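# Remarks on the overall topology
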Amino acid sequence: MELKTRHLTPEEIDEAAQILREGMVVAFPTETVYGLGANALDPEAVKSIFRAKGRPQDNPLIIHLAIAQQVEGFVQEVPPQALLLMERFWPGPLTLVLKKTEQVPDIVTAGLDTVAVRVPDHPVALELLRLTGFPLAAPSANRSGRPSPTRAEHVLADLGGLIPAVLDGGETGWGLESTVLDCTVTPFRLLRPGGVTLEELRDLVPVLYQAEGDGTGTEAPRSPGMKYQHYAPEAKVYLVTGDGAATKIKELSEPYRKRGEGVGVMTWDERAELYPSLTVLPMGPEGNFAALAHNLFHLLRQADILGLKVLFIEGVSEDNLGLAIMNRLRKAADQREIKM
Ligand code: AMP
Ligand code: MG
């Protein structure tokens, strides 16, 4: 059924809260990306999230809380080291996976005995959580497999006609999804890099991180969402890393150019002049990882709007925020990574 999706301003937040109380979904801004929220304690409401996104049922959702104390009742225990992290990073882009209680509906956790929780650091998200009084289950507000939305217009492009409303809080801050940390194992395990970096976590507690694809491939994914393709624009994406990247990109782009097909390259602003005959998607000033994270998903969506057939992306260093950026780029490239 085609709906007319309402585009609400923060002044109309009461209406968003009312839609949620009626058991429907609303897209709302957070400091990471836009989330598609529903009452986490209402299984029917949560079902609508999966339906609107076309999200596989075995990919669990993150529960968003107004304050840290609200985890009580939803998790069996908070290990002391997890408490330390909550105190340091909440509200903020850190999701903790903990043992769940029976209060958490199975549909939220895809039947797992663990639940993912966080407190978002965004005034509109926090106000919405306070107004409804219930926790919001919310994955990113994109159609499954598409780049996460960092502007209300991205949400409307994907979910317009499929959801009752989007609450527009402008561009999101970080631009990448939260860090996901499994706190049910010792040492804690980083399941998805994000805004809170591995280095920051390790300053406080021991954390294990095994990059995807670097192992034997025999281990089942610990974060169910990791097995699905993500962040993919229509264009075929190649991730090219190393000193010879520009030469390689020019060589690989030739056949596309000869056929008259749109070729894009995502590179730092200062390097744009290396690619006079390609469409440049500028990453921001060289080395400004925060600016790149902020723009990343918008640039991937631009590739589609420009009708690019192929997009070459220059890889970046994996220190600090670079780890989360490269994690998203590898998924967008779907294994097409060339190391020079
Ligand atoms: P999204 O909300 O679209 O950013 O996706 C949420 C991410 O958190 C997915 O990668 C999920 O697999 C992960 N996640 C949610 N709940 C759990 C859980 N209980 N255990 C492990 N990973 C989880
Ligand atoms: Mg997502």
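Since we're looking at a predicted model, the values are computed, not measured.

Rules used in this analysis
Residues numbered from 1 in each chain as written. Chains lettered and ligands numbered in written order. Predicted model: local features only at pLDDT ≥ 70, side-chain atom pairs only at ≥ 80, totals over all residues. Heavy atoms only, no water. Helix = DSSP H or I, 4+ residues; strand = E, 2+ residues; numbered from the N terminus. Expected span 1.5 Å × (residues − 1). Buried < 20%, exposed > 50% of the residue type's maximum accessible area, 1.4 Å probe, protein only. Contact = heavy atoms within 4.5 Å. Pairing = 2+ DSSP bridges. Axes fitted to C-alpha atoms, helices over the stretch in contact; angles between N-to-C directions. Core = buried A, V, L, I, M, F, W, Y, C linked by side-chain atoms within 4.5 Å. Polar contact = N/O pair within 3.5 Å; in protein donor to acceptor, adjacent residues only side chain to side chain. Phe/Tyr/Trp six-rings, centres within 6.5 Å; stacked < 30°, edge-to-face > 60°. Lys NZ or Arg CZ within 6 Å of the ring centre and 35° of its normal. Salt bridge = Lys/Arg side-chain N within 4 Å of Asp/Glu carboxyl O. Parallel < 35°, antiparallel > 145°, perpendicular 65-115°, else oblique. Left-handed = near helix turned anticlockwise from the far one by under 90°. Nonpolar A, V, L, I, M, F, W, Y, C, P; charged D, E, K, R; others polar.

As a further point, take helix α10 (residues 321-333). Between its terminal C-alpha atoms α10 stretches 19 Å, which fits the 18 Å expected from 13 residues at 1.5 Å a residue. With respect to burial, α10 is a largely interior element, 12 of its 13 residues being buried. Taken as a whole, α10 has its buried residues at L321, G322, L323, A324, I325, M326, N327, R328, L329, K331, A332 and A333. Buried residues in α10 make contact with β10 (188-192), α7 (198-202), β12 (236-241), α9 (289-305) and β15 (310-314). In the segment just after α10, D334 is the residue with positive phi, at about 50°.

As a further point, take the sheet that holds strand β16 (residues 337-339). Within a beta sheet, neighbouring strands are joined by backbone hydrogen bonds and run either parallel or antiparallel to one another. The five strands are arranged β14-β13-β15-β12-β16 in an open sheet whose pairing can be described as parallel. What marks the edges here is a single partner per strand, and that holds for β14 (279-282) and β16. Geometrically, the sheet is characterised by an average inter-axis angle of 25° between neighbouring strands, direction not taken into account. Against the sheet, α9 contacts β13 (263-267), β14 and β15, and its axis sits at roughly 160° relative to β14. Against the sheet, α10 engages β12, β15 and β16, with an angle of about 135° to β12.

For the rest of this paragraph, the subject is the pairing of β12. For β12, a buried count of five out of six residues is recorded, marking the element as mostly surrounded by other parts of the structure. Note that β12 and β15 share five bridges and pair parallel. Pairing of Y238 across the sheet is with F312, part of β15. Across three bridges, the pairing between β12 and β16 is parallel. By the bridge assignment, V240 is partnered in β16 with I338.

L36, L85, L94, L96, L181 and L201 are the most contacted members of the largest nonpolar core, which totals 49 residues. For this core, the leading source of residues is helix α2 (residues 43-53), giving five residues. Once you skip the residues sitting within four places of it in the chain, L201 turns out to touch L85, F89, L94, T179, L181, L190, V196 and V207. Core analysis: the second largest hydrophobic core is formed by 29 residues, L176, A235, F297 and L321 among them.

Overall, mixed pairing links the 11 strands, which are arranged β1-β8-β2-β3-β7-β4-β6-β5-β9-β10-β11 in an open sheet. Strands with a single pairing partner mark the edges of an open sheet, and in this sheet they are β1 (6-8) and β11 (207-208). Contacts from α2 reach β3 (35-39) and β7 (136-137), with the element oriented near 155° to β3. Along the sheet, helix α6 (residues 152-159) makes contact with β1, β2 (26-28), β3 and β8 (165-167), crossing β8 at roughly 165°.

Here R328 is to be found in helix α10. The buried category is assigned to R328, whose relative accessible area is 1%. Among the polar contacts made by the side chain of R328, one reaches the side chain of E177 at a distance of 2.7 Å. Contact partners of R328, with chain neighbours within four places excluded, come to L176, E177, S178, R192, P193, G194, Y231, L296 and F297.

Right, let's talk about the packing of aromatic side chains for a bit. The description of two aromatic rings rests on the distance between their centres and on the angle between their planes. Counting across every chain of the model gives two aromatic pairs. Ring centres of Y238 and F312 lie 5.5 Å apart, and the angle between their planes is 20°; on these two criteria the pair is classed as stacked. In this pair, Y238 sits in strand β12 while F312 sits in strand β15, placing the two residues 74 residues apart along the sequence. Here Y238 matches F312 in class, with each residue buried. One cation-aromatic arrangement involves R259 over Y256; the distance from NZ or CZ to the ring centre is 5.2 Å. Sitting over the ring of Y238, R336 keeps its end group 5.8 Å from the ring centre.

A complete count under the given rule lists 17 salt bridges for this structure. Between D158 and R301 there is a salt bridge, with its nearest N and O atoms 3.0 Å apart. In this pair, D158 sits in helix α6 while R301 sits in helix α9, placing the two residues 143 residues apart along the sequence. What makes R301 buried here is its relative accessible area of 4%.

Our focus in this paragraph is the packing of α9 against α10. One way to put it is that α9 packs onto α10 with a least axis distance of 9 Å and a crossing angle of 15°. Relative to α10, the element α9 lies roughly parallel. Considering how the two elements wind past one another, α9 and α10 form a crossing that is left-handed. Residues F289, A290, L292, A293, L296, F297 and L300 of α9 lie in contact with α10, whose contacting residues are L321, G322, I325, R328, L329 and A332. Class assignment of the residues belonging to the contact of α9 with α10 gives a composition of 11 nonpolar, one polar and one charged.

Spatial relationships are all this shows, so hold off on functional conclusions.
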